[in-house]
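Residue-level structural notes
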Amino acid sequence: MAPTESPVDLVVRASRVLVEGAFRPAAVSVTGGLITAIDDIDTVLTALEDRTLPEGQVLIPGIVDSHVHVNEPGRTDWEGFASATTAALRGGVTTIVDMPLNSIPPTTTVEALDLKRAAAEPQARVDVGFWGGAIPSSLGALRPVHDAGAFGFKAFLSPSGVDEFPHLSTEQLHAAMEEIAAFDGLLIVHAEDPDTLEHSPAPEGASYSAFVRSRPDASEQSAIDHVIDAVRRTGGRAHILHLSSAAALPAIRAAKAEGLRLTVETCPHYLSFDEEHIPDGGTQYKCCPPIRDAANQDALWEALVDGTIDLVASDHSPSTAALKFAGNGDFDLAWGGISGLELSFRAVWTGAAARGIPLESVVRWMSTATSDLVGLSDRGRIAVGTQADLVAFDPDAAFTVDAARLAHKNPVSAFDGSELRGSVETVWQRGVVDAGGRLVVRPA
Ligand SMILES: [Zn+2]
């Protein structure tokens, strides 16, 4: 039977297409950048282009990374939109949401948000959205940034590492939550407690274990307790960024059981590395909060599987190589941040596969849940009506990471030399290969 309708732009057929959380054979039709139909794999369709993936490749939605520091303008030598979005594309990431620091100015005003957008738009190879920042001087003036399309507001509870993005006191945290709850926005929090940090032993040069002791579990626990308290008092919505300490999980479980509006993320490096295997002087592994021990890592994986942790985002936080290795291995002096954007999806998949956790779960944590965090229900899943950001992925391919070949600006990576699984074979953006990125705003 010859179909009579006008042809669709693209059909992608595969024996394993991720639809509604499970793999099945299907033919995905795309027209005008949107998924218009999901049919049986052998359905006769009229299409301008009809692709059948080779056996071994699966079709998944593009990864959405809700935690990326691009640093442009102002610190473009650390990272810029051209290099970051190229790294994203190579890693199967089709949307990133940029953090309000470490660019100059930080994204704490509408003017700064406009500067960010102007810098990103001509260079973006993947879709880019923006977080705003809640710092002492922006409190009381958050609503305009929300109305301008920022996805929410990031706050630190301890020093951020850059002077132009000061942290909030506990009192200011409550004020920020109250202000944001009034327009039903989202506060995202770097949760380490400055008092606990101050009373912890100082880092000792190149010793990694001393660095971990300088930022103990108690610091995350205490800060997260403050956030939970603020959520409970205001009825607002908060998200814990880059959870490292499994010791905070019981409080998070209790808060969720209580019905508080709290979500939590962790990052590929906390799921991939552990304290025992980090060499002294290995400041490419320095991040805050720090990577802890293997038992802690196991507990983070369990919390992802049981839903206590909602999602995984890269916290791609680059600097120049000079800053990352400042002090020749001194953990106190080196920049804290790990560059993982290009590798994050495959790193998490590698760890998941080793634990017998299916790829479906990894895509849920890194695409569906990250999209849901920022309210972008038009992506993060293969479904009729969503944006046709699709990745043909070979889950069984293996490769060794060579940091020098990664696309982000400064060739430093904690993953250098790691054996990872998975190969990103083809990326379609709105149904087109290398279509270029667009700016995205919070849906009203
Ligand atoms: Zn970050």
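Please read these numbers as outputs of a predicted model, since none were measured by experiment.

This brings us to the packing of aromatic side chains. With the rule as written, the count across this model stands at 11 aromatic pairs. Centre to centre, the rings of phenylalanine 81 and phenylalanine 130 are 6.2 Å apart; their planes meet at 75°, and the pair counts as edge-to-face. In this pair, phenylalanine 81 is assigned in helix 1 (residues 81-90) and phenylalanine 130 in strand 8 (residues 127-130), connecting sequence segments 49 residues apart. Phenylalanine 130 shares its class with phenylalanine 81; the two are buried. Their ring planes at 50° and their centres at 4.8 Å tell us that phenylalanine 345 and phenylalanine 393 sit as a pair that is tilted. Of this pair, phenylalanine 345 sits in helix 12 (residues 344-354) while phenylalanine 393 is found in strand 15 (residues 390-400), placing the two residues 48 residues apart along the sequence. Classification of phenylalanine 345 as buried rests on a relative accessible area of 1%. Three or more aromatic residues joined by ring pairs make a cluster, and in this case those are Tyr208, Phe211 and Phe331. If you follow arginine 16 out to its NZ or CZ, it ends over the ring of phenylalanine 23, 4.5 Å from the centre. Seen from the ring of tryptophan 78, arginine 75 lies directly overhead, with NZ or CZ sitting 5.0 Å from the centre.

Right, let's talk about unusual backbone geometry for a bit. The step from leucine 101 to asparagine 102 runs through a cis peptide bond, and the omega angle for that step is 20°. Within the chain, asparagine 71 stands out as a residue other than glycine whose phi angle is a positive 75°. One can find asparagine 71 in the loop between strand 6 (63-68) and helix 1. Its relative accessible area of 0% is what places asparagine 71 among the buried residues.

Below, the discussion takes up the coordination of the zinc ion. Ideal values differ by geometry: the angle at a metal is 109.5 degrees with four tetrahedral donors, but 90 or 180 degrees with six octahedral donors. Donor atoms from the polypeptide that coordinate the zinc ion comprise His67 (NE2), His69 (NE2) and Asp315 (OD), at 2.1 to 2.2 Å from the metal. Residue histidine 67 is classed as buried on the basis of its relative accessible area, which comes to 0%. The exposure class of histidine 69 is buried, given its relative accessible area of 4%.

Under the criterion given, the structure shown has 20 salt bridges. Across the pair arginine 430 and aspartate 127 runs a salt bridge, and its minimum N-O distance is 3.4 Å. Placement of arginine 430 in the loop between strand 16 (419-429) and strand 17 (432-433) and of aspartate 127 in strand 8 is noted, with a sequence separation of 303 residues between them. The burial state of arginine 430 is the same as that of aspartate 127; both residues are buried. Close ionic contact of arginine 355 with aspartate 298 constitutes a salt bridge, the shortest N to O distance being 2.8 Å. Taken together, the residues arginine 355 in the loop between helix 12 and helix 13 (359-373) and aspartate 298 in helix 10 (residues 294-305) connect sequence positions 57 residues apart. When salt bridges that share partners are traced, they join Asp127, Asp378, Arg379 and Arg430 into one network.

Attention now goes to the sheet that holds strand 9 (residues 132-133). Taken together, 6 strands build an open sheet; the order of strands is 9-10-11-12-13-14 and the sheet is parallel. A strand with exactly one partner marks an edge of an open sheet, and here the two such strands are strand 9 and strand 14 (311-312). Pairing between strand 13 (residues 262-266) and strand 14: 2 bridges, direction parallel. Of the residues in strand 14, the one forming a bridge with threonine 266 is valine 312.

Okay, the confidence of the model for the protein chain next. Of the residues in the protein chain, 99% have a pLDDT of 70 or more, and the chain-wide mean is 97. Strand 5 (residues 58-61) holds the highest mean pLDDT among the elements of the protein chain, 99, whereas helix 11 (residues 321-324) holds the lowest, 94.

Scoring rules and cut-offs
Residues numbered from 1 in each chain as written. Predicted model: local features only at pLDDT ≥ 70, side-chain atom pairs only at ≥ 80, totals over all residues. Heavy atoms only, no water. Phe/Tyr/Trp six-rings, centres within 6.5 Å; stacked < 30°, edge-to-face > 60°. Helix = DSSP H or I, 4+ residues; strand = E, 2+ residues; numbered from the N terminus. Buried < 20%, exposed > 50% of the residue type's maximum accessible area, 1.4 Å probe, protein only. Lys NZ or Arg CZ within 6 Å of the ring centre and 35° of its normal. Donors = N, O, S within 2.8 Å, 3.2 Å for Na, K, Ca; no water. Salt bridge = Lys/Arg side-chain N within 4 Å of Asp/Glu carboxyl O. Pairing = 2+ DSSP bridges. pLDDT = per-residue confidence, 0-100.

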